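A look at the structure
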Amino acid sequence: MTGTTDAKVDSPERIGSFLAEAENELLELAIEASRGDWVYATYISPDTEDLSARATARLLRGFALRARSAQALPVQRASPEEQRKILLLRLGTPLAAPRDALRTRELSQLVQSLQGIYARGRYAPRGSSGALDLQGLSRILEESHDPSQLQDVWEGWHRVGREMRPGFQRYVELANEGARDNGFADLGSLWRSRYDMTPEEFSKEVERLWRGVRPLYQLLHAFVRRRLAEHYGERWVDPKGPIPNHLLGNMWAQSWEALYPLLVPPGSLQVHPFDLSRVLQERHTTPERMARYAEGFFTSLGLPALPSTFWERSMLSRPRDREVVCHASAYQVDLAEDIRIKMCVDITAEDFHTLHHELGHNYYQWAYAHQPFLFRDSAQDGFHEALGDTIDLSVTPSYLAQVGLLPTDAEVPDDLHWLLRQALTKVAFLPFGLLVDRWRWDVFSGEVPPESYNASWWRARREYQGVAPPSARSEADFDPGAKYHVPASVPYMRYFLAYILQFQFHRALVRVAGAPGPLHLASIYGSREAGQRLWSMMQMGQSRPWPDALEALTGSRQMDPSALLEYFAPLESWLRDQLRGQTIGW
Ligand code: X8Z
Ligand code: ZN
């Protein structure tokens with residue numbers, strides 16, 4: 001199979017030209033795949049699905065063929081940079097092509113069609129006049145306090161998974177076949193190999209990080225559970241057990257931000273409850289204006305304004321006339337300066353924050369655009385996900401006041417209320433960020449067979465998150481499919497890492513900026529020094545192992561939960577006081 005190409009690479013002098021040729025060809029294939037993906041995601045049709053799947057299959061095949069040919073290279077005589085490129089030929093994409101070209105096509109078609117099922121998901125809640133999409137259903141979960149309505153909406157959305165089960169099962173087979181054909185035990189092992197350490201070391205590493213933050217999560221869980229039990233009664237919430245998912249204000253219980261008003265009943269606040277969503281809505285803020293606020297933060301750091309094509313080509317609202325993939329994402333369509341996002345922006349605080357997240361991706365992509373093709377990615381995927389969130393940690397009450405988004409009649413929330421709000425998004429997320437791929441790793445390895453997909457999903461959700469479904473689930477359901485990244489085949493451990501790393505990045509940049517105040521109130525807004533430090537780290541792309549990039553930014557070579565713990569320290573001791581004598585855990 002690889003005979004003809006091997007002949008070209010059997011001498012050390014040829015390594016350079018082999019890689020140059022591989023990078024040229026793969027760049028072309030990557031641009032085609034990324035244009036195909038953009039067109040598909042912003043205009044779902046049988047034709048765009050097929051064209052996009054074909055382009056992705058060609059890219060995966062291109063990587064696999066080059067990676068196999070590279071095995072014949074005299075790697076020990078290659079420069080460190082060349083060695084890293086050869087490694088990235090094997091690890092550069094999160095799916096690997098099976099040797100059989102038809103199966104590669106089937107695999108990429110499956111992923112597109114599973115994603116399509118998710119994008120088309122709708123449910124008409126009991127008593128409503130029409131079917132709602134995920135955003136509409138999520139709004140009910142955030143705003144309603146009627147347990148039976150919440151249950152109806154939660155169960156209604158989760159039907160979307162049922163149709164995915166056969167396709168998902170086949171996807172697991174084909175994705176594993178591709179991973180094995182490329183020298184990995186299974187796809188989970190390929191995913192864990194992308195962190196400059198062995199897959200076994202990586203599993204231990206995430207376990208270590210989780211152990212560091214778990215006590216804080218359990219305190220928050222116990223506090224929220226007690227308030228929910230007071231509000232809904234013990235018939236709905238067992239004060240010693242896991243919390244029913246549908247009462248947590250989010251489809252996957254990955255953010256508990258919507259519970260804030262319920263946790264802090266009106267009157268208990270010494271201050272006017274500050275509500276960014278209300279301010280944005282009252283001012284008739286447009287999606288574009290929301291994105292301009294986020295851009296304004298980046299330019300305050302001395303980074304360039306977004307190119308005009310960003311504004312011309314991004315999709316910021318759900319179009320009325322066609323089906324799209326609404327889940328927010330950032331693209332670098334030409335692998336250079338054509339950066340854009342697609343997102344169905346709602347005028348809410350949550351989407352205000354998500355826009356900072358997405359622009360973080362775009363600025364990172366822009367910063368490494370000058371690198372050779374194989375280095376055009378973040379140091380590891382957790383870095384890509386952490387970047388915009390790091391900026392967002394500087395979106396503090398005083399920053400909002402500075403840009404005129406804090407109404408004059410609202411007082412700045414006191415420390416504890418601000419920290420509680422932050423914990424409901426940042427701390428509540430951690431176990432979910434961890435468990436999605438702990439579950440998928442077991443699925444890919446075969447430890448979890450298809451007949452217990454759903455039962456094992458709920459075991460993991462209970463074990464890590466302390467969350468339970470509203471009613472009994474069965475193997476006719478496929479609840480992991482109700483989370484975007486599962487049908488779309490996007491690895492998820494990146495977010496767990498990002499939620500740890502963003503606090504490390506934030507602490508380092510706050511120091512560079514010399515910003516005053518404790519970590520949770522400090523903002524790097526306007527600091528050119530912080531901007532410069534960030535930009536030079538981003539420019540490295542993935543040209544070096546990630547500990548080098550982490551060191552360049554923070555001075556440390558280790559992922560480390562201590563910055564997160566420092567940020568939340570005042571809340572942690574307050575929670576401990578509140579929970580004296582109460583059950584912690586489930
Ligand atoms: O998927 C995302 C981003 C796009 S990369 C909107 N996030 C995860 C999720 O929504 O589940 C950001 C936080 C976690
Ligand atoms: Zn992201």
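These lines cover the structure that appears in this document, whether it is placed above or below. (Residues numbered from 1 in each chain as written. Chains lettered and ligands numbered in written order. Predicted model: local features only at pLDDT ≥ 70, side-chain atom pairs only at ≥ 80, totals over all residues. Heavy atoms only, no water.)

**A short note on the coordination of the zinc ion (ligand 2)**
Rules: In this description, a donor is an N, O or S atom within 2.8 Å of the metal centre, a cutoff extended to 3.2 Å for sodium, potassium and calcium. Water is not part of the atom list, which can make sites seem incomplete. Note on geometry labels: four donors, all angles 85 to 135 degrees, give tetrahedral; four donors become square planar and six octahedral when opposite donors are over 155 degrees apart and every other angle is between 65 and 115; remaining cases are irregular. In this description a helix means any DSSP run of H or I spanning at least four residues, a strand means any run of E spanning at least two, and both kinds are numbered starting from the N terminus. Burial status follows relative accessibility: with a 1.4 Å probe on protein chains alone, a residue under 20% of its type maximum counts as buried, one over 50% as exposed, and anything between as partly exposed.
Summarising the metal site, the zinc ion (ligand 2) is bound by the protein donors H357 (NE2), H361 (NE2) and E385 (OE), whose distances to it range over 2.0 to 2.1 Å. Seen from the zinc ion (ligand 2), its four donor atoms lie at angles of 90 to 128°, and the figure they make is tetrahedral. In the primary sequence, the donor residues of the zinc ion (ligand 2) line up as H-x3-H-x23-E. Of this pair, H357 sits in helix α15 (residues 349-367) while E385 sits in helix α16 (residues 381-393); the two residues are 28 residues apart in sequence, bridging distant segments of the chain. Accessibility expressed as a relative area gives 13% for H357, which makes it buried. Assessed through its relative accessible area of 6%, E385 is described here as buried.

**A word on the packing of aromatic side chains**
To keep things clear, this is the line we draw: For Phe, Tyr and Trp, rings pair up if their centres lie within 6.5 Å, where Trp contributes its six-membered ring, and each pair is then called stacked (planes under 30 degrees apart), edge-to-face (over 60) or tilted (otherwise). Think of it as a cone above the ring: NZ of Lys or CZ of Arg counts as a charge over the ring if it is within 6 Å of the ring centre and within 35 degrees of the ring normal.
The tally for this structure, following the rule as stated, stands at 40 aromatic pairs. A ring pair is formed by W191 and F444, whose centres lie 5.3 Å apart and whose planes are at 80°; its orientation type is edge-to-face. In this pair, W191 is assigned in helix α9 (residues 187-192) and F444 in helix α18 (residues 415-445), connecting sequence segments 253 residues apart. By relative accessible area, W191 is classed as buried at 3%. When the centroid spacing of 4.8 Å and the interplanar angle of 80° are considered together, the rings of F310 and W311 count as edge-to-face. Judged on exposure class, the residue F310 and its partner W311 are both buried. Here a set of aromatic residues connected by ring pairs shows up, and it is made of F168, Y171, W191, W439, F444, Y453, W457 and F478. The positively charged end of R340 is found above the aromatic ring belonging to W38, 4.7 Å away from the centroid. Sitting over the face of the ring of W252, K483 holds its NZ or CZ atom 4.0 Å from the ring centroid.

**A look at the pattern of salt bridges**
What counts is decided by this rule: Here a salt bridge means any side-chain nitrogen of Lys or Arg lying within 4 Å of a carboxyl oxygen belonging to Asp or Glu.
With the rule as written, the count across this model stands at 40 salt bridges. The partner of D152 in a salt bridge is R126, with the nearest N and O atoms 3.9 Å apart. One end of the pair, D152, is in helix α7 (residues 147-158); the other, R126, is in the loop between α5 (101-120) and α6 (134-143), with 26 residues separating them in the sequence. Among the residues examined, D152 registers a relative accessible area of 7% and is labelled buried. In this structure, D477 engages R162 in a salt bridge whose closest nitrogen and oxygen atoms are separated by 2.8 Å. Here R162 lies in the loop between α7 and α8 (165-181) and D477 lies in the loop between β4 (467-468) and α20 (493-513), a separation of 315 residues in the sequence. Taking the relative accessible area as the measure of exposure, R162 reaches 45% and is therefore partly exposed. Members of the salt-bridge network, linked through shared partners, are R122, D133, R318 and E323.

**Some thoughts on unusual backbone geometry**
Positive phi, close to 55°, is recorded for D196, a residue that is not glycine. Here D196 is to be found in the loop between α9 and α10 (199-232). Here the phi dihedral of L335 falls at roughly 60°; this positive angle occurs in a residue that is not glycine. Within the secondary structure, L335 sits in the loop between β2 (329-332) and β3 (339-342).

**Brief notes about the nonpolar core**
What tends to happen in soluble globular proteins is that the nonpolar side chains get buried as a cluster. To keep things clear, this is the line we draw: Here the nonpolar core consists of buried residues drawn from Ala, Val, Leu, Ile, Met, Phe, Trp, Tyr and Cys, with membership extended through side-chain atoms lying within 4.5 Å. We call two residues in contact whenever any of their non-hydrogen atoms come within 4.5 Å of each other.
Ranked by size, the top nonpolar core spans 178 residues in total, and within it Y171 and V224 carry the most contacts. Broken down by element, this core gets its largest block of residues, 17 residues, from α18. Residues within four places of Y171 in sequence aside, it is in contact with L95, L107, L110, V111, L114, L187, W191, F444 and S489. Of all hydrophobic cores here, the second largest spans 23 residues; its members include I15, L19, A78 and F375.

**A short note on the site of ligand 1**
Which entries qualify depends on this criterion: Neighbouring residues are identified by heavy atoms, a residue being near a molecule or strand if any of them is within 4 Å of it. Contacts described as polar in this section are N or O atom pairs within 3.5 Å, which, within protein, must combine one atom able to donate a hydrogen with one able to accept it, while residues neighboring in sequence count only if both atoms come from side chains. Using a 1.4 Å probe, the Shrake-Rupley method yields the accessible areas, and only the shown protein chains count as cover for residues.
By nearness alone, 13 residues border ligand 1, and H327, K483, H485, Y492 and Y495 come closest of all. A distance of 3.1 Å separates an oxygen atom of ligand 1 from a polar side-chain atom of Q254. Within the side chain of K483, one N or O atom sits 2.7 Å away from an oxygen atom of ligand 1. The protein chains hide 85% of the 370 Å² of surface that ligand 1 would expose on its own. Secondary structure elements with two or more residues in the shell around ligand 1: α15 and α20. Looking at which element gives the most residues to the shell around ligand 1, the answer is α15, with three residues.

**Notes on empty space enclosed by the protein**
Just so we agree on the cut-off: Cavities and pockets are found on a 1 Å grid laid over the protein atoms alone: a cavity is a set of points where a 1.4 Å probe fits but cannot escape, a pocket is an open set with protein on both sides within 12 Å along at least five of seven lines, and a lining residue has an atom within 4 Å of such a point. Grid points are joined across faces, edges and corners, and a volume is the space filled by probe spheres set on the points. Think of it as three bins: nonpolar holds Ala, Val, Leu, Ile, Met, Phe, Trp, Tyr, Cys and Pro, charged holds Asp, Glu, Lys and Arg, and polar takes everything else, Gly as well.
According to the stated counting rule, one finds three cavities of 30 Å³ or more in the structure shown. Empty space within the largest cavity amounts to approximately 70 Å³. Lining the largest cavity are W191, R192, R194, Y195, F202, D381, D437, W441, P491, M493 and R494. When residues of the lining of the largest cavity are traced back to their parent elements, those giving at least two are α9, α18 and α20. Of the residues that constitute the lining of the largest cavity, the class distribution is six nonpolar, no polar and five charged.

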